[in-house]
Amino acid sequence: MEINQFPEDIRPYLLPEPRGLMVYRCLGCAREFDITRLLYTCAECGSVLLLHDKNKHLINGVGGKKWREIFDYRRMLNHNALKGVFRYYEFIAPIIPLDRIIYLGEGHTPLVEANNRLKERVGLDFYFKNDGLNPSASFKDRGMACALSYINYLAKNEHMGKILAICASTGDTSASAALYASYLEDFLKSAVLLPQGKVTPQQLSQPLGSGARVLEMPGVFDDCMEVVESLAENYDVALLNSKNSWRILGQESFSFEIAQDFDYEVGDKTVVVPIGNAGNITAVMSGFLKFYKSGVIDRLPKIVGVQSEHADPVYRYYQEKDSFRRNFVPVTVRPSVAQAAMIGNPVSMPRVIELAKEYDKTAGERKIFVVQVSEQEIMDSMVVANRNGNIACTQGGESLAGLQKAVEAGYIKSSEVGVLDSTAHVLKFSVFQDMYFNNTFGPEFNVIPKPELANTPVQVHPKGLSRYPSTGQPLSEDEMKTFIREMTAEIARILNLEKR
Ligand SMILES: *Cc1c(COP(=O)(O)O)cnc(C)c1O
Ligand SMILES: [Zn+2]
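Since we're looking at a predicted model, the values are computed, not measured.

Moving on: the overall build of the protein. For the protein, the helix and strand inventory stands at 18 helices and 13 strands. Over its C-alpha trace the protein gives a radius of gyration of 25 Å, about what one expects of a compact globule, namely 23 Å for 500 residues. For the protein, the proportion of its 500 residues judged to be buried stands at 56%. Within the protein, counting contacts between residues at least 6 apart in sequence, those at least 24 apart form 71% of the total. Accessible surface computed for the protein: about 22000 Å², of which carbon and sulfur atoms make up 49%. The distance from the centre of the 55 positive side-chain charges to the centre of the 60 negative ones in the protein is 1 Å.

On to the pattern of salt bridges. Under the criterion given, the structure shown has 24 salt bridges. Close ionic contact of Lys66 with Asp9 constitutes a salt bridge, the shortest N to O distance being 3.3 Å. One end of the pair, Lys66, is in helix α3 (residues 64-74); the other, Asp9, is in the segment before α1 (11-14), and 57 residues separate them in sequence. Asp9 gets classed as partly exposed once you look at its relative accessible area, which sits at 41%.

So, about the coordination of the zinc ion (ligand 2). Coordination of the zinc ion (ligand 2) by the protein is provided by Cys26 (SG), Cys29 (SG), Cys42 (SG) and Cys45 (SG), with metal-donor distances spanning 2.3 Å. Here the zinc ion (ligand 2) binds four donor atoms, and the angle range of 94 to 120 degrees at the metal identifies the geometry as tetrahedral. Donor residues for the zinc ion (ligand 2) sit on one chain with the sequence pattern C-x2-C-x12-C-x2-C. Exposure remark for Cys26: the relative accessible area of 4% places this residue in the buried category.

Below, the discussion takes up unusual backbone geometry. The phi torsion at Tyr264 lies on the positive side, around 70 degrees, for a residue other than glycine. Along the polypeptide, Tyr264 turns up in the loop between α11 (253-261) and β10 (269-274). Phi is positive for Asn439, close to 55 degrees, though the residue is something other than glycine. With respect to the helices and strands, the residue Asn439 is situated in the loop between α17 (430-438) and α18 (477-494).

With that out of the way, let us pick up the site of ligand 1. Lining the immediate surroundings of ligand 1 are 14 residues, of which Lys140, Asp172, Gly276, Asn277 and Asn280 lie closest. Here an oxygen atom of ligand 1 and a backbone polar atom of Gly276 are 2.8 Å apart. Expressed as a share of its isolated accessible area of 380 Å², the protein-covered part of ligand 1 is 98%. When the residues that make up the shell around ligand 1 are grouped by side-chain class, the tally is six nonpolar, six polar and two charged. Split by domain, the shell around ligand 1 shows at least three residues from each of two domains, domain 1 (111-135 + 252-453) and domain 2 (139-250).

The next subject is the environment of Ser253. Looking at the element boundaries, Ser253 is found in helix α11. Considered as a pair, Ser253 and Phe291 are 38 residues apart in the sequence and their alpha carbons are 11 Å apart. Residues within four places of Ser253 in sequence aside, it is in contact with Val85, Tyr88, Ile92 and Arg142.

A rise of 1.5 Å per residue sets the reference length of helix α15 (residues 375-386), with its twelve residues, at 16 Å; its end C-alpha atoms lie 17 Å apart and thus fit the reference within 8%. Within α15, ten of the twelve residues are buried, which leaves it mostly tucked inside the rest of the structure. When we look at burial in α15, the residues that qualify are Glu375, Gln376, Ile378, Met379, Asp380, Ser381, Met382, Val383, Val384 and Ala385. Summarising the contacts, the buried residues of α15 are in contact with α5 (116-122), β5 (125-130), β11 (302-308), β12 (368-373), α16 (394-408) and α17.

By a frequent convention, interface size equals the accessible area lost on bringing the separate parts together. For the protein, the assigned domains read domain 1 (111-135 + 252-453), domain 2 (139-250) and domain 3 (458-500). Using only C-alpha atoms to locate each centre, domain 2 and domain 3 end up separated by 51 Å.

Okay, the sheet that holds strand β1 (residues 22-26) next. Taken together, three strands build an open sheet; the order of strands is β2-β1-β3 and the sheet is antiparallel. Of all strands in the sheet, those bounded by a partner on one side alone are β2 (32-34) and β3 (49-53). Ignoring strand direction, the axes of neighbouring strands in this sheet form an average angle of 35 degrees. Examined bridge by bridge, β1 and β3 share five bridges and lie antiparallel to one another. Directly across from Cys26, in β3, lies its bridge partner Leu49.

Looking now at the packing of helix α6 (residues 140-157) against helix α7 (residues 172-183). In contact at an axis separation of 9 Å, α6 and α7 are set at 40 degrees when each is read in the N-to-C sense. Considered as vectors, α6 and α7 are oriented oblique to each other. Handedness of the crossing formed by α6 with α7: right-handed. For the pair α6 and α7, the contacting residues are Lys140, Asp141, Met144, Ala145 and Leu148 in the first and Asp172, Thr173, Ser176, Ala177 and Tyr180 in the second. Residues that form the contact of α6 with α7 fall into these classes: five nonpolar, two polar and three charged.

Analysis parameters
Residues numbered from 1 in each chain as written. Chains lettered and ligands numbered in written order. Predicted model: local features only at pLDDT ≥ 70, side-chain atom pairs only at ≥ 80, totals over all residues. Heavy atoms only, no water. Helix = DSSP H or I, 4+ residues; strand = E, 2+ residues; numbered from the N terminus. Rg over C-alpha atoms; globule rule 2.2 N^0.38 Å. Buried < 20%, exposed > 50% of the residue type's maximum accessible area, 1.4 Å probe, protein only. Contact = heavy atoms within 4.5 Å. Areas by Shrake-Rupley, 256 points an atom, 1.4 Å probe, with all protein chains shown as cover. Lys, Arg positive; Asp, Glu negative; His and termini not counted. Charge placed at Lys NZ, Arg CZ, Asp CG, Glu CD. Salt bridge = Lys/Arg side-chain N within 4 Å of Asp/Glu carboxyl O. Donors = N, O, S within 2.8 Å, 3.2 Å for Na, K, Ca; no water. Tetrahedral: all angles 85-135°; square planar, octahedral: opposite > 155°, others 65-115°. Near = heavy atom within 4 Å. Polar contact = N/O pair within 3.5 Å; in protein donor to acceptor, adjacent residues only side chain to side chain. Nonpolar A, V, L, I, M, F, W, Y, C, P; charged D, E, K, R; others polar. Domains from an automatic or database assignment. Expected span 1.5 Å × (residues − 1). Pairing = 2+ DSSP bridges. Axes fitted to C-alpha atoms, helices over the stretch in contact; angles between N-to-C directions. Parallel < 35°, antiparallel > 145°, perpendicular 65-115°, else oblique. Left-handed = near helix turned anticlockwise from the far one by under 90°.

The structure is reproduced here in structure tokens:
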């Protein structure tokens, strides 16, 4: 729709201008730093940072009702920069000029209602939000679109020379970073650091295909993260892990979209997200808080974080009921099918602690929960989800298993509605589906496939056939007739078909 077709009172708001005043604020000592350069930790105390808009009053002045209208009208607007996560421009990074924003098709992923069979299994209505339908097939693109748009702006504004962007990854961050960096190849190159053998072949193929330098090292993600942090401290590189708080801002769009897709009524919803490095749950909490404080939504949803028992430091932290006695202890991870979340020392833990406190306080009741699930529950849930029309990855399965746990624990009432983050596409994690279907899990996973859920291809070889078609060697007309007849009969036998 063209600008002059929108209602007159909406037109001035459709194409936003950079009116924000953003600063980094330290989670440890509350010091603030300006954003003219990339910063990952506090120069004073070393803690992680979050970005704040000191011109928030400009947003709050507009009022919730108006914002809802603006976002709903922007749905009909064809402007490249505002087609993705920047539909919510003012709430994400209102300092980036629209012509610096990179849009590769991220965001606005479908919210798919679970079918009756799945609802009955869980005892609750729920939806999957399929973030596997982002351009690099995971939610990481939301944050990357923001971080790379910011770097694009910074590079052109500050006349920076060539930039090397770098990240450690359990697979999806590198796929996303490499994709967005490749779009900006004139001044930005990317290098990704992966734990050898601990990303899937599909995930490995992604940064290779995007032309990134791919470095594999021994160890697990936590080890890669420490090395990449040391690189970012000592060398001139742009860190693209979620320690980079521009990523968090983009990922808040996940919450904004949920709010908009439920017509801004989220008080009866429970959003379920797997926790790895904890950037995602940080963003989900922060996003809903922003919408609440500015009146876009008038109630906060519950949020359930899920961890595998093979990588559960956040769950363990919240096991202590007395908040004053809580003490964060990293864990050594064990192999997990939720490999993208197999992290023992989440970088965003200080952000989670701070935001969860603020969230519960703002809501006036407990709204943040963390549950733990077994590897078995993750795999069973993933397979069952996908046998009911979904495209859930192992972490999506973890969300479904987590929803079930939260219901059993009484955190959610049956009248409430679940919204599960399916964080990546199932195809990225097909190796785990193969292990399940072929019963080839090593003992370290503790997964015993349910035989009734297994599915493997059937080879069709009718006994009476001696010749088959093959490349370059066509069958004679008679041989072909025989081939089709015998094949048809054999397949009808296998499928138990009734003759017409
Ligand atoms: C990164 C990732 C996670 C974990 O998200 P965090 O922000 O690290 O907590 C979960 N699932 C998938 C598919 C991921 O790529
Ligand atoms: Zn500090």
